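# A look at the structure
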Amino acid sequence: MTSAPGRRRPTIRDVAAAAGVSRGTVSRVINGGHWVSPEARRAVDQAIRTTGYRANQHARSLVTGRANSLAFLLTEPQQMLFADPTFSILLRGAAAALDARSMTLVLLVAGTEAERKNVASYVTAGHVDGVLLISTHENEPLIGWLLDENVPAVACGIPLGYSDLVASVSVDEAGGARTMIRHLRSTGRESIAMIAGPLDTPGGRYRLQGYRDEVGERFDERLVAYGDYSAKSGSVAMAELLDRAPDVDAVFAASDLMASGALATLRERGRRVPEDVAVAGFDDSGLAAALDPPLTTMHQPFDRISAEMVTVLLDIIDGAPRRSVTLPADLVVREST
């Protein structure tokens, strides 16, 4: 509930009383949630909602010298924010994690050199306390700049070229790929192809590595095609695979979007899924379940990834050592295999 006109504005004291904790605990939750038990944090979050308490951001900024906001930085062309559903899910999760702490999330897109310069100027001006790096490519110049400027940052996925210097939250890309290939083999498939993502991205590199590791001595370059994570690139890659290896009976795409493109090409070529060719993806962002047939895929826990990224970044801002987190990807079996 919210305070009606003329009523006293709820205070930290009111939140503490409602939650059954000390004012110091409430203050720690509001300022990032560090050194607070999960039970106490949940109690405080519930009390904040019940009392209608809102932090005075301006006053807090004056005391702490912080902006009380983080940047969600997408280093991709602007249209990818809407074309790839994984980005919007991560954005939603990060916004929710910060809202629970009465903090603000600022969306920044840097897919061009001009946008990179604008982002650098904005961050340097102190408008945000740190940066959540989304979809980084190998040796992304903005990462080097953030390091030079000592701007706290955490990457979604292992930042290629900077893995020893930048904290990250990722899924087990290679392990997830191995799990998928084992699943496809368990269905009796023998000629398993892969549509890999760009090799300058962690998903492109490590999912292909997992595929190669699991295939082992039977690895065949003819059974690998490459895309850029888009549906169109998946369609083109599937056509290449069918032309090179007409007997392919399964394909693992490094993203659900590329798998959707593969499905379209197989339909055009008269190949039945899964009777003739099994199709699998990676992400489980919502698209997979809506495809025809519904897609078998590796599930990424996007909400948890967002929450972990926010927690790791706020810890770094508070002076904690840099750390990286790896989460499991889980197999979700549907009708496409």
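See the structure printed just above.
Below you will find a few notes about this structure. (Residues numbered from 1 in each chain as written. Predicted model: local features only at pLDDT ≥ 70, side-chain atom pairs only at ≥ 80, totals over all residues. Heavy atoms only, no water.)

Turning next to the packing of helix α9 (residues 173–186) against helix α10 (residues 202–215). At a minimum axis distance of 7 Å, the contact between α9 and α10 shows a crossing angle of 45 degrees. By the angle between their directions, the pair α9 and α10 is classed as oblique. As for the relative orientation of α9 and α10, their crossing is right-handed in sense. Within the contact between the two elements, α9 uses Glu173, Ala174, Ala177, Arg178, Ile181, Arg182 and Arg185 and α10 uses Pro202, Gly203, Tyr206, Arg207, Gln209, Gly210, Tyr211, Asp213, Glu214 and Val215. Each residue belonging to the contact of α9 with α10 can be placed in one class, and the counts come to seven nonpolar, three polar and seven charged. (Axes fitted to C-alpha atoms, helices over the stretch in contact; angles between N-to-C directions. Helix = DSSP H or I, 4+ residues; strand = E, 2+ residues; numbered from the N terminus. Parallel < 35°, antiparallel > 145°, perpendicular 65-115°, else oblique. Left-handed = near helix turned anticlockwise from the far one by under 90°. Contact = heavy atoms within 4.5 Å. Nonpolar A, V, L, I, M, F, W, Y, C, P; charged D, E, K, R; others polar.)

This brings us to the pattern of salt bridges. Tallied over the full model, the rule gives 13 salt bridges. The salt bridge partner of Glu113 is Arg116, with a shortest N-O separation of 3.7 Å. On the criterion of helical spacing, the pair formed by Glu113 and Arg116 is a turn pair, its members being three residues apart in helix α7 (residues 113–124). Look at Arg116 and you get buried, because its relative accessible area is 19%. The shortest N-O distance in the salt bridge between Arg334 and Asp284 comes to 3.1 Å. Separated by 50 residues along the polypeptide, Arg334 in the segment after β12 (330–332) and Asp284 in the loop between β9 (278–283) and α13 (287–290) bring together distant segments of the chain. Within the structure, one salt-bridge network assembled from shared partners comprises Glu113, Arg116 and Glu140. (Salt bridge = Lys/Arg side-chain N within 4 Å of Asp/Glu carboxyl O. Buried < 20%, exposed > 50% of the residue type's maximum accessible area, 1.4 Å probe, protein only.)

Looking at where Pro77 falls in the secondary structure, it is placed in the loop between β1 (69–74) and α5 (80–83). The spatial distance from the C-alpha of Pro77 to the C-alpha of Ala250 is 31 Å, given a sequence separation of 173 residues. With residues near it in sequence (within four places) discarded, Pro77 still touches Val109 and Gly111.

A complete count under the given rule lists two aromatic pairs for this structure. An angle of 75 degrees between the planes, with centres 6.1 Å apart, marks the rings of Tyr211 and Phe219 as edge-to-face. Exposure class is identical for Tyr211 and Phe219. Each is buried. Where Phe252 meets Phe282, the ring centres are 6.5 Å apart and the plane angle is 45 degrees; that geometry is what we call tilted. In this pair, Phe252 sits in strand β8 (residues 250–253) while Phe282 sits in strand β9, placing the two residues 30 residues apart along the sequence. Here Phe282 falls in the buried class, since its relative accessible area comes to 0%. The ring of Phe282 has Arg207 lying over it, and the distance from NZ or CZ to the ring centre is 3.8 Å. In this structure, Arg212 packs its charged tip against the face of Phe219, placed 3.9 Å from the ring centre. (Phe/Tyr/Trp six-rings, centres within 6.5 Å; stacked < 30°, edge-to-face > 60°. Lys NZ or Arg CZ within 6 Å of the ring centre and 35° of its normal.)

Most of β9 is tucked away: six of the six residues are buried. The pairing of β8 with β9 spans three bridges and is classified as parallel. What sits directly across from Ala250, in β9, is Ala278. In this fold, the crossover linking β8 to β9 by way of helix α12 (residues 256–268) has right-handed handedness. Strand direction decides the pairing type here: β9 and strand β10 (residues 296–299), joined by four bridges, are parallel. Counterpart to Phe282 in the pairing with β10 is Met298. (Pairing = 2+ DSSP bridges. Right-handed = clockwise from strand over helix to strand, strands pointing away.)

By definition, the strands of a sheet pair up through backbone hydrogen bonds, in either a parallel or an antiparallel sense. With parallel pairing, six strands are arranged side by side in an open sheet as β2-β1-β3-β4-β5-β11. In the strand order of this sheet, the two ends are held by β2 (104–109) and β11 (325–327), each with one partner. For this sheet the average axis-to-axis angle between neighbouring strands, irrespective of direction, equals 20 degrees. Where strand β5 (residues 167–171) and β11 come together, three bridges link them in parallel fashion. Within β11, the position partnered with Val169 by the bridge is Val325.

This part takes up the nonpolar core. Side chains that are nonpolar tend, in soluble globular proteins, to be buried together. The biggest cluster of nonpolar side chains holds 74 residues, and the ones touching the most others in it are Leu184, Ile195, Tyr211, Met238, Phe252 and Ile305. Counting residues per element, this core draws most heavily on helix α14 (residues 302–317), at nine residues. Split by domain, this core shows at least three residues from each of two domains, domain 2 (69–171 + 303–327) and domain 3 (173–299). Residues contacting Phe252, with those up to four places away along its chain left out, are Ala177, Met180, Ile181, Leu184, Ala193, Met194, Ile195, Arg207, Ala280, Gly281 and Phe282. Of all hydrophobic cores here, the second largest spans 18 residues; its members include Val106, Ala110, Val128 and Tyr162. (Core = buried A, V, L, I, M, F, W, Y, C linked by side-chain atoms within 4.5 Å. Domains from an automatic or database assignment.)

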